[in-house]
Amino acid sequence: MDNFRSTYKEETEELLADLESALLELSEDKENMELVSRIFRAMHTIKGSGAMFGFDEIVAFTHDVETVLDLVRDKIIPVNKNLVDLTLAACDQIRQMIEKKPEDNETDNVSEITRSFKKLIPDKNVSDEKTETADNDDLESISEPKTYRIRFRPGPDIFQYGTRPILLLEEIRQMGDCRIIGHTHAIPDLKKLNPESCYIHWNIILTTSKDIDTITDVFVFVEDMSQLNIEIIEESDLLNDDGEYKKVGDILIDRGDITPDDLRDALNSQKRIGEMLVEYQRLDPDIIESALAEQNHMRNLVKKRKDIVSASSIRVASEKLDLLVDLVGEMVTVQASLTQKALNMDDPELLTIAEDVERLTAELRDNTISIRMLPVGTTFAKFKRLVYDLSQELGKEVVLTTRGGETELDKTVIERLNDPMVHIIRNSIGHGIELPDVRKSLGKPAKGNIHLCAEHSGANVLIKISDDGAGLDLDAIRKQAVKNKIIKPDTNISENELYSLIFLPGFSTASSIDEVSGRGVGMDVVKQGIENLRGSIDISSRQGTGTTITLKLPLTLAIIDGLMVELDKTCYVIPLAAVEECLELTSNIVVNGHGRNIASVRGEIVPYIYLRELFKLESTPPETEQIVIVRLNNNRVGFVVENIIGEHQTVIKTLGKIYKNAKVFSGSTILADGTVAVILDPYKLVEIAESEELLERNQYVSWLSY
């Protein structure tokens, strides 16, 4: 049962996210009744599913909320800010109730929210009066009752998933005039009966003013494990003047009184309409044949579409996907070993097999990774609530707009992207967006804008967070950096380098500490979070106009393309996405550096780091070494290695606890010959090199002073 409750929690969380998104849209478009219906359906589904899985408190709580939303849908209660805020509070309360432990006994919020909702319900007389007025003024706007035929055939193992069909039938019964017919003929003899299997199915005739979506929502959690067919069998526009809507044979089949074969045998005993028309010389046979071809084509088309729709998606636990990716990673490693073995043996037949395996493995890898990809729009939607709440709290008017929500990212990247983006958005609203009066005085619209954009950029995805606020104050950043003794007053430093200072721990230009910002922690979290994702951050800002922070993220963290290099007979992998070019470390470069580790690359000065020195390797370096130049946060830096072996499809493995302090390694991978290569973290390499250089410089100054 825990699995089913866990499934309910996941489903409810998705419904709440969709509900909140619709609410925030409704706050901007209060007359949009489609949004109201969407909100109502989500709340109704949460209630109905909660009843199935034993969340009785949620059922009782959402029932009162649903009552108000139903009146909103009937235009008896208007949409206003109070309603939106109250429904958002209800969403928060539902989340708490889902996570609530049996020993928890907090009912104050529930009672308060429930009372607030009940206050929105007009006095019964007033409600009746309004309803009557609405009936008189606009009879067309009220839904006409329809009669539905519902054929519900649960799967035989539905009981094993903890589902109780009787609860669904009771909910259907409460929707209107209902007749439920249970079919029990499939129940076997007692000796063959499995008490955990379901042998019963139901035909339901329901007359109600509810729409088909509302009825379908009742079965939303059993739809995948059942045969469900809901169709309208009576409404005003389906009836002809004689009140007939179907042929007798169709009704008999629908009711189960005869089978299609019985009807077909009966019809075959008489001539078909085409044969009679030809016999009466009203049509040529080829015209009849053409009509039959059209009919068959459309029937096949409809069938194919139904098959596609019924199998369009499936819900799979994320743990199973993780396991699948691990297995694919193992397959990639084995395939590399096979290819290497085939090359060593130089056997044409084995080489052909190895190439086929390589091709299939690549397809399997790409398809598996694509399964883990999720649209980033789901994450964007969550921030609408953050922007709404924070702008209310700070007395600002801020709207969130998005673009590129369909851009896909690995699910792990999306999960770990949440915290960095929360801090960036909070800073944008807290520091960037001005108060409405200030914005008006500056000639800006009173309502500020936070814009989220996602787009592909090669093997990466760019997430841009833009605001139209005050922009970064370079003078304030410089003064704070001098005050914190990070730079000297006369230090010549570029704009990008000044911007990068805001990511330092404890660095803040805020004059006071409040609940949103001021401690200099948030942007440090952003930097750590993005670097842990092997991403990078870029800032562009214009004072008075706004700031854009661009996060460059890899598409996936499971398998990456790497550049394999060699150092002291050991292989290392550098993420290929960061590599820009490679060049030989010639004697001219060393001489022209005048003792400093810098290289002039087409007129640009690029510092480089000897990995041999950084790793304290004592072996003799070769005569010729290579520089691998990477780009990190708009800066280029080189790493000196002995050899460049080439590109390598890198299946990332986590390092053991023994390497927990080795910050320069972000993971490991298994090579074709079974040996292990570690994956270098370029950011950490630069950090450690800088700190060691600073330490040496201070020691040198101390030695001079001595």
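Cut-offs and rules
Residues numbered from 1 in each chain as written. Predicted model: local features only at pLDDT ≥ 70, side-chain atom pairs only at ≥ 80, totals over all residues. Heavy atoms only, no water. UniProt positions renumbered as here; feature names shortened; annotations may be inferred. Axes fitted to C-alpha atoms, helices over the stretch in contact; angles between N-to-C directions. Helix = DSSP H or I, 4+ residues; strand = E, 2+ residues; numbered from the N terminus. Parallel < 35°, antiparallel > 145°, perpendicular 65-115°, else oblique. Left-handed = near helix turned anticlockwise from the far one by under 90°. Contact = heavy atoms within 4.5 Å. Nonpolar A, V, L, I, M, F, W, Y, C, P; charged D, E, K, R; others polar. Buried < 20%, exposed > 50% of the residue type's maximum accessible area, 1.4 Å probe, protein only. Phe/Tyr/Trp six-rings, centres within 6.5 Å; stacked < 30°, edge-to-face > 60°. Lys NZ or Arg CZ within 6 Å of the ring centre and 35° of its normal. Expected span 1.5 Å × (residues − 1). Pairing = 2+ DSSP bridges. Patch = residues over 30% accessible without salt bridge, like charges linked within 9 Å, V, L, I, M, F, W, Y side chains within 5 Å. Areas by Shrake-Rupley, 256 points an atom, 1.4 Å probe, with all protein chains shown as cover. Salt bridge = Lys/Arg side-chain N within 4 Å of Asp/Glu carboxyl O. Core = buried A, V, L, I, M, F, W, Y, C linked by side-chain atoms within 4.5 Å.

- Labelled according to an unreviewed UniProt entry, the protein chain appears under the name Chemotaxis protein CheA, originating from Desulfonema limicola.
- Quoted straight from UniProt, the Function (unreviewed entry) entry for the protein chain says "Involved in the transmission of sensory signals from the chemoreceptors to the flagellar motors. CheA is autophosphorylated; it can transfer its phosphate group to either CheB or CheY."
- Listed in UniProt under the heading Catalytic activity (unreviewed entry), the comment for the protein chain reads: "ATP + protein L-histidine = ADP + protein N-phospho-L-histidine."

### Brief notes about the packing of helix α16 (residues 411–432) against helix α20 (residues 522–532)
Angle between the axes and distance between the axes are the two parameters that describe a pair of packed helices.
Thinking step 1. For the pair α16 and α20, interaxial distance at closest approach is 9 Å and the crossing angle is 150 degrees. As summarised for this structure, α16 and α20 are arranged roughly antiparallel, according to the angle between their axes. Like other packed secondary-structure pairs, α16 and α20 cross with a definite hand, here left-handed. Contact residues: R416, L417, P420, H423, I424 and N427 in α16; G522, M523, V525, V526, G529, I530 and N532 in α20.
Thinking step 2. For the contact of α16 with α20, the residue count by class is seven nonpolar, five polar and one charged.

### Comments concerning the environment of G176
Thinking step 1. Within the secondary structure, G176 sits in the loop between α7 (165–173) and β2 (177–183).
Thinking step 2. G176 gets classed as partly exposed once you look at its relative accessible area, which sits at 33%.
Thinking step 3. Every residue in contact with G176, bar those within four places of it in the chain, is listed here: L206, T207 and T208.

### Quick notes on the packing of aromatic side chains
Thinking step 1. The tally for this structure, following the rule as stated, stands at five aromatic pairs.
Thinking step 2. One aromatic cluster is present, built from ring pairs that chain together F152, W202 and F219.
Thinking step 3. Above the face of the F40 ring, R73 is positioned so that its terminal group lies 3.8 Å from the ring centre.

### Structural notes on the UniProt feature "modified residue: Phosphohistidine" (unreviewed entry) in the protein chain
Thinking step 1. Mapped onto this structure's residue numbering, the UniProt feature "modified residue: Phosphohistidine" (unreviewed entry) falls at H44.
Thinking step 2. Mapped onto the elements of the fold, H44 is located in helix α2 (residues 33–52).
Thinking step 3. Assessed through its relative accessible area of 8%, H44 is described here as buried.
Thinking step 4. What H44 contacts, discounting residues up to four positions off in sequence, is E66, E171, M175, T214, D217 and V218.

### A word on helix α14 (residues 348–371)
Thinking step 1. With 24 residues, α14 extends 35 Å between its outermost C-alpha atoms, agreeing within 8% with the 34 Å of an ideal straight helix rising 1.5 Å per residue.
Thinking step 2. Those residues of α14 not exposed but buried are L350, A354, T361, R365, T368 and I369.
Thinking step 3. Contacts from the buried residues of α14 go to α13 (318–345), β5 (373–375), β12 (559–567) and β19 (643–651).

### Looking at the pairing of strand β10 (residues 536–542)
Put simply, side chains in a regular strand alternate between the two faces of the sheet.
Thinking step 1. Of the pairings in the sheet, the one linking β10 to strand β11 (residues 546–554) comprises seven bridges and is antiparallel in character. Among the inter-strand pairings, S541 is bridged to a residue of β11, identified as T547.
Thinking step 2. Where β10 folds back onto β11 in an antiparallel hairpin, the turn is made up of three residues, including G544, whose phi is positive at roughly 90 degrees.

### Quick word on the side chain of E66
Thinking step 1. Following the sequence through the fold, E66 ends up in helix α3 (residues 56–73).
Thinking step 2. Assessed through its relative accessible area of 7%, E66 is described here as buried.

### Topic: a nonpolar patch on the surface
Thinking step 1. There is a patch of nonpolar side chains on the surface, built from I187, L190 and L193 and spanning about 280 Å² of accessible area.
Thinking step 2. Relative to the helices and strands, L193 is located in the loop between β2 and β3 (201–208).

### Here we look at the environment of I46
Thinking step 1. Along the chain, I46 falls in helix α2.
Thinking step 2. I46 gets classed as buried once you look at its relative accessible area, which sits at 0%.
Thinking step 3. When the C-alpha positions of I46 and L15 are compared, they lie 7.4 Å apart, and in sequence the two are 31 residues distant.
Thinking step 4. Residues contacting I46, with those up to four places away along its chain left out, are Y8, T12, L15, L16, L19, I58, T62 and I94.

### A few points about the UniProt feature "coiled-coil region" (unreviewed entry) in the protein chain
Thinking step 1. Cross-referencing UniProt, the feature "coiled-coil region" (unreviewed entry) maps to residues 9–36 in the present numbering.
Thinking step 2. Between the end C-alpha atoms of residues 9–36 there is a gap of 23 Å, over a span that is 86% helix and 0% strand.

### Remarks on the nonpolar core
Thinking step 1. Counting 43 residues, the largest nonpolar core has L409, M421, L452, I463, I465, L551 and L553 as the members making the most contacts within it.
Thinking step 2. A per-element tally of this core places α16 first, with seven residues.
Thinking step 3. With near-sequence residues (within four places) excluded, I463 lies in contact with V376, F380, L409, L417, M421, C453, A454, I549, T550, L551 and L553.
Thinking step 4. Membership of the second largest hydrophobic core comes to 41 residues, among which are Y8, M43, I76 and L83.

### Some remarks on the pattern of salt bridges
Thinking step 1. Taken as a whole and judged by the stated rule, the model has 33 salt bridges.
Thinking step 2. For the salt bridge of D322 with R372, the shortest nitrogen-to-oxygen distance reads 2.6 Å. Of this pair, D322 sits in helix α13 while R372 is found in the loop between α14 and β5, placing the two residues 50 residues apart along the sequence.
Thinking step 3. Where E581 meets R602, a salt bridge forms, and the shortest distance between an N and an O atom there is 2.7 Å. Linking E581 in strand β14 (residues 579–585) with R602 in the loop between β15 (598–601) and β16 (604–610), this pair joins segments that are 21 residues apart in sequence.
Thinking step 4. For E581, a relative accessible area of 17% translates into the label buried.
Thinking step 5. Connected through salt bridges with shared partners, the residues E13, E20, D92, R95, R385 and D389 form a single ionic network.

### What to know about the sheet that holds strand β17 (residues 625–632)
Thinking step 1. If you walk across this open sheet you meet the five strands as β14-β17-β18-β16-β15, and the pairing is mixed. Two strands bound the open sheet, and with one partner strand each, they are β14 and β15. Taking the axes of each pair of neighbouring strands and ignoring which way they run, one obtains an average angle of 35 degrees across the sheet.
Thinking step 2. Where β17 lies against strand β18 (residues 635–641), seven bridges are found, and the strand directions are antiparallel. The residue of β18 that forms the bridge with R631 is R636.

### Some words on the sheet that holds strand β21 (residues 676–680)
Thinking step 1. If you trace the five strands from one edge of the open sheet to the other, you get β19-β12-β13-β21-β20, paired in mixed fashion. The strands lining the two open edges of the sheet, one partner per strand, are β19 and β20 (665–670). Across the sheet, the mean angle separating the axes of adjacent strands is 35 degrees when strand polarity is ignored.
Thinking step 2. In this sheet, β21 lies alongside strand β13 (residues 570–575) in parallel orientation, the contact comprising two bridges.

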